[in-house]
Amino acid sequence: MTTMERLAVPLDDIPEDRRHVYEAEPLLSARNLGITFGRVVGLDGVSLDLYQGEVLAVIGDNGAGKSTLIKCLTGAYVPETGEIYLAGNQVTFRVPQDARAAGIETVYQQLAVIPALDIASNLYLAREERRKGPLGSVLRMLDKKGMRERAATAVQNLGIQTIQNMGQAVETLSGGQRQSVAVARAAAFGSKVVVLDEPTAALGVKESTSVLNMIKQLRENGLAVILISHNMPHVWEVADRILIQRLGSCAGVITPSSHDMGEGVAIMTGARKLT
Amino acid sequence: MTTTSNAAAEFSRRRLSPAQRIQHLLHAHPWLSPLLILVLTTIVFSALNGRYLAPNAQSLLLQQVAVVACLAIGQTLIILTAGIDLSVGSITILSMMTMASLAANSKVNGGLAILIGIAVAVGAGFLNGILVTKVNLPPFIVTLGTLSIFTAIALLYSGGASIQEDRLPDLINWTGTSIALGPFRFTVGVIMVLLLYGVVGFALTQTAWGRHVFAVGDDPESARLSGVPTKRVLLSVYSAAGLIYGLAAWIQIGRAGAASPNGIVDANLDSITAVVIGGTSLFGGRGGVIGTLLGAVIVGAFTLGLSLAGVDQQWRLLAIGVLIIVAVSLDQWIRRVKA
């Protein structure tokens, strides 16, 4: 398969300064994913390729199979047909923990953060680090100081300025700051792919901007990002490529420069066919 | 840190009103309010009667609250997970009657009888945990059911009769042994309870398990999505609570000088009272054992202080009732904390 075929868009549609991203092999590939729920076809043979340092947006109407596609890629669903490849190797995810162990992190719409715990505790939840020596191995004591320091670095790497105190409880943060914590959590710990499900849906204008900046920063940091969103201006602002889901199938892949938002929505709703 | 972000932090700090400041402080340290109440009651009762602060009075206070304070540790763990345990007293009675009956009637060695009694308590807690996690029943219903079940088993097994200390081996009575520490007189039981507070407090604040307990209590779905094994955490909490109730059973025999199936009938509500006054939220995810210890001591302080002041004990009931409502209202207010 050529790069051109995998990209599903002409290389000319990609801005010149972003084309280098597509010279490498894709990081995550899905081929002909299919899943049914009783008589309802959730996904009907969807393929996609995701490159390191790329933001791939997935758009589609409600019930078009966006979430189903993402859940198949992150282990929440097990596809009935098709294959998933990570860095060229075929992988099977039975539970979300499998995908996480492989370096695919998901930021859920409902933000899986614990309000009562502080920022560092949330970043390290379920992967806490213990102190060195007998304090850690025998008494199982947490390395709170170390986790706070590393959490601060993780947050700084995303260019987040508004969060300073890692000991602050998450419930005292604003919606946008909580979103930052959730994204920082997903992007830390050597993950390769970050999946963001409607990250700006509940946010105001200013907070959305900072989340979009954070997504760009994730791309700069060399991660592969899948962005699911209903907000077309946000998608057109940050996405390199846009995969349009319609009725369980892929209606096509476009780029922000090849099609405008109106055309994208027309394809999404079936008013127009991608030629 | 850059100058701008410092300025931003400075700005956000300046916006807080004094009430918000208190809210934030209590939010970060839920044990501060029970500490304040304890200091106030101590001042009032020592003013009413100078003997209140005497070492022997304070030693008595600790001995009187030891068993409820011990049970309240287990109750705290369960309430932190947004559960509630109504079977505290029944598990303790079951464990206590098992220990005593095995030793007195079946002539089992004292140490073995204690171990079996504690194992029964752990098993009872584990059963509560299984019903909560696997059968998905609300903790209130589970423990309401097991309250009757365990009480019935304890009464059937023991025949409803008390077993006096002279029929029990020394090791079982050992928790009542008194130890002088300067002018204070502690019992082995009191020291065990204080040590237990240290151990559980450490586990809650310094280990990953503790973090997971708070996470499961605060938002179980988010905890699960974050990779916390929520069911395993809950099972461990109910089992650990059982272990603590088993130790409390041993301490109760030493304190009362007998194993009596009617001994600690008020333990359920007393333990919940201590937890709530101690600032742990009934909605889970907030609080800790330091507050619970203070809460248990506050209840004991009212009992002791009012009797030394020669006042009717009914006032204690009234005061504790008011404290419970104040504590929960305060918790509701603290929960609304904002950035």
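Please read all numbers here as calculations on a predicted model, not as lab measurements. (Residues numbered from 1 in each chain as written. Chains lettered and ligands numbered in written order. Predicted model: local features only at pLDDT ≥ 70, side-chain atom pairs only at ≥ 80, totals over all residues. Heavy atoms only, no water.)

**Some points on the nonpolar core**
Argument step 1. Leu168(B), Ile172(B) and Leu204(B) are the most contacted members of the largest nonpolar core, which totals 78 residues.
Argument step 2. No other element matches the 13 residues that helix α12 (residues 230-256) of chain B contributes to this core.
Argument step 3. Grouped together as the second largest cluster of nonpolar side chains are 36 residues, Val107(A), Ala120(A), Met166(A) and Ala182(A) included. (Core = buried A, V, L, I, M, F, W, Y, C linked by side-chain atoms within 4.5 Å. Buried < 20%, exposed > 50% of the residue type's maximum accessible area, 1.4 Å probe, protein only. Helix = DSSP H or I, 4+ residues; strand = E, 2+ residues; numbered from the N terminus.)

**Quick notes on the packing of aromatic side chains**
Given two aromatic rings, one states the distance between the centres and the angle between the planes to describe the pair.
Residue and element names in this part refer to chain A.
Argument step 1. Applying the stated criterion to the full structure yields six aromatic pairs over all chains.
Argument step 2. Consider the rings of Tyr22 and Tyr51, whose centres lie 4.9 Å apart with planes at 70 degrees: the pair is edge-to-face. Taken together, the residues Tyr22 in the loop between α1 (3-7) and β1 (28-37) and Tyr51 in the loop between β2 (40-50) and β3 (55-60) connect sequence positions 29 residues apart.
Argument step 3. Judged by relative accessible area, which is 2%, Tyr22 ranks as buried. (Phe/Tyr/Trp six-rings, centres within 6.5 Å; stacked < 30°, edge-to-face > 60°.)

**Details of the side chain of Ser158(B)**
Residue and element names in this part refer to chain B.
Argument step 1. Mapping Ser158 onto the fold places it in helix α7 (residues 139-158).
Argument step 2. Overall, Ser158 belongs to the buried group, its relative accessible area being 15%.
Argument step 3. A polar contact is formed between the side chain of Ser158 and the backbone oxygen of Ala154, at a distance of 2.8 Å.
Argument step 4. Ignoring any residue separated from it by four or fewer positions in sequence, one finds Ser158 in contact with Met97 and Pro261. (Polar contact = N/O pair within 3.5 Å; in protein donor to acceptor, adjacent residues only side chain to side chain. Contact = heavy atoms within 4.5 Å.)

**Details of the confidence of the model for chain B**
Caution applies to low-pLDDT parts of the model: their predicted coordinates are not meant to be read in detail.
Argument step 1. Overall, the predicted model of chain B reaches an average pLDDT of 91, with 95% of residues at or above 70.
Argument step 2. Confidence, expressed as mean pLDDT per element, reaches its minimum in chain B at helix α1 (residues 3-14) of chain B with 45 and its maximum at helix α6 (residues 110-133) of chain B with 98. (pLDDT = per-residue confidence, 0-100.)

**Concerning the interface of chain A and chain B**
How big an interface is tends to be stated in terms of accessible area lost as the parts join.
Argument step 1. The interface of chain A with chain B comprises 29 residues on the first partner and 27 residues on the second.
Argument step 2. Between chain A and chain B the total buried area reaches about 2200 Å² when both faces are included, carbon and sulfur atoms providing 58% of it.
Argument step 3. At the surface where chain A touches chain B, the tally comes to zero salt bridges.
Argument step 4. Between chain A and chain B we count nine residue pairs in polar contact (both at pLDDT 80 or more) in total.
Argument step 5. Of all elements in the fold, only α3 (96-101) and α6 (144-157) of chain A reach the threshold of two or more residues within the side of chain A that touches chain B. (Buried area = accessible area lost by both parts, 1.4 Å probe. Salt bridge = Lys/Arg side-chain N within 4 Å of Asp/Glu carboxyl O.)

**Looking at the side chain of Ser29(A)**
Argument step 1. Among the structural elements, Ser29(A) can be located in strand β1.
Argument step 2. Sequence-distant contacts of Ser29(A), that is, excluding residues within four places in its chain, are made with Leu48(A), Asp49(A), Glu83(A), Ile84(A) and Tyr85(A).

**What about the packing of helix α5 (residues 88-104) of chain B against α7(B)?**
Residues and elements named next belong to chain B.
Argument step 1. Relative to each other, α5 and α7 sit at 20 degrees, their axes nearing to 8 Å. Classified by the interaxial angle, the pair formed by α5 and α7 is roughly parallel. Two packed elements cross with a definite hand, and for α5 against α7 that hand is left-handed. In contact with Ser90, Ile91, Ile93, Leu94, Met97, Thr98, Ser101 and Leu102 of α5, α7 contributes Thr146, Leu147, Phe150, Thr151, Ile153, Ala154, Tyr157 and Ser158. (Axes fitted to C-alpha atoms, helices over the stretch in contact; angles between N-to-C directions. Parallel < 35°, antiparallel > 145°, perpendicular 65-115°, else oblique. Left-handed = near helix turned anticlockwise from the far one by under 90°.)

**So, the environment of Lys206(A)**
Argument step 1. With respect to the helices, strands and loops of the structure, Lys206(A) is situated in helix α8 (residues 205-220).
Argument step 2. Distance in space between the C-alpha atoms of Lys206(A) and Leu33(A) is 37 Å, their sequence separation being 173 residues.

**Some words on α6(B)**
All names here are of chain B.
Argument step 1. Here α6 contains 24 residues, and its C-alpha end-to-end distance of 34 Å stays within 8% of the 34 Å for a straight helix at 1.5 Å per residue.
Argument step 2. Buried residues of α6: Gly110, Ala113, Ile114, Gly117, Ile118, Ala121, Ala124, Gly125, Asn128, Gly129, Val132 and Thr133, and no others.
Argument step 3. On its buried side, α6 packs onto α5, α7, α8 (170-173) and α12.
Argument step 4. In this structure Asn109 caps α6, since a side-chain oxygen of it lies 2.9 Å from the backbone nitrogen of Gly111. (Expected span 1.5 Å × (residues − 1).)

**Quick notes on the environment of Tyr52(B)**
All names here are of chain B.
Argument step 1. Looking at where Tyr52 falls in the secondary structure, it is placed in the loop between α3 (32-48) and α4 (55-80).
Argument step 2. When its relative accessible area of 1% is taken as the criterion, Tyr52 is described as buried.
Argument step 3. As a C-alpha pair, Tyr52 and Leu304 span 252 residues in sequence and 7.7 Å in three-dimensional space.
Argument step 4. Leave out the neighbours within four places in its chain, and Tyr52 touches Thr42, Phe45, Ser46, Ala57, Gln58, Leu61, Ala301, Leu304, Gly305 and Leu308.

**Focus: the sheet that holds strand β8 (residues 224-228) of chain A**
Residue and element names in this part refer to chain A.
Argument step 1. Taken in spatial order, the six strands of this open sheet run β6-β7-β8-β3-β9-β10, and their pairing is mixed. Strand pairing shows two members of the sheet lacking a second neighbour, β6 (104-107) and β10 (249-254), which therefore form its edges. Direction aside, the axes of adjacent strands within the sheet are offset by 20 degrees on average.
Argument step 2. Looking at chain direction, β3 and strand β9 (residues 241-246) are connected through five bridges and run parallel. In the strand pairing of β9, Ile59 is matched with Ile244.
Argument step 3. Contacting β6 and β7 (193-197), helix α7 (residues 175-187) runs over the sheet at an angle of about 170 degrees to β6. (Pairing = 2+ DSSP bridges.)

**Brief notes about the pairing of strand β3 (residues 184-187) of chain B**
Residue and element names in this part refer to chain B.
Argument step 1. Two elements, strand β2 (residues 178-181) and β3, share four bridges in a ladder whose sense is antiparallel. Looking at β3, one finds that Leu181 is bridged to Phe184.
Argument step 2. Connecting the antiparallel pair β2 and β3 is a turn made up of two residues, with Gly182 showing a positive phi of about 65 degrees.

**A few points about the domain arrangement of chain A**
Residues and elements named next belong to chain A.
Argument step 1. Examined at the domain level, chain A breaks down into domain 1 (1-103 + 193-206 + 222-275) and domain 2 (113-191).
Argument step 2. Of note, the centres of domain 1 and domain 2, computed from C-alpha atoms alone, are 29 Å apart.
Argument step 3. At the interface, eight residues of domain 1 touch nine residues of domain 2.
Argument step 4. Here domain 1 meets domain 2 over a buried area of about 570 Å², counting both sides, of which 68% is carbon and sulfur.
Argument step 5. When the buried surface of domain 1 facing domain 2 is broken down by residue, Val194, Leu203 and Leu223 rank first, second and third, together holding 50% of it.
Argument step 6. Applying the counting criterion to the domain 1 and domain 2 interface returns zero salt bridges.
Argument step 7. Scanning the region where domain 1 abuts domain 2 turns up one residue pair in polar contact (both at pLDDT 80 or more). (Domains from an automatic or database assignment.)

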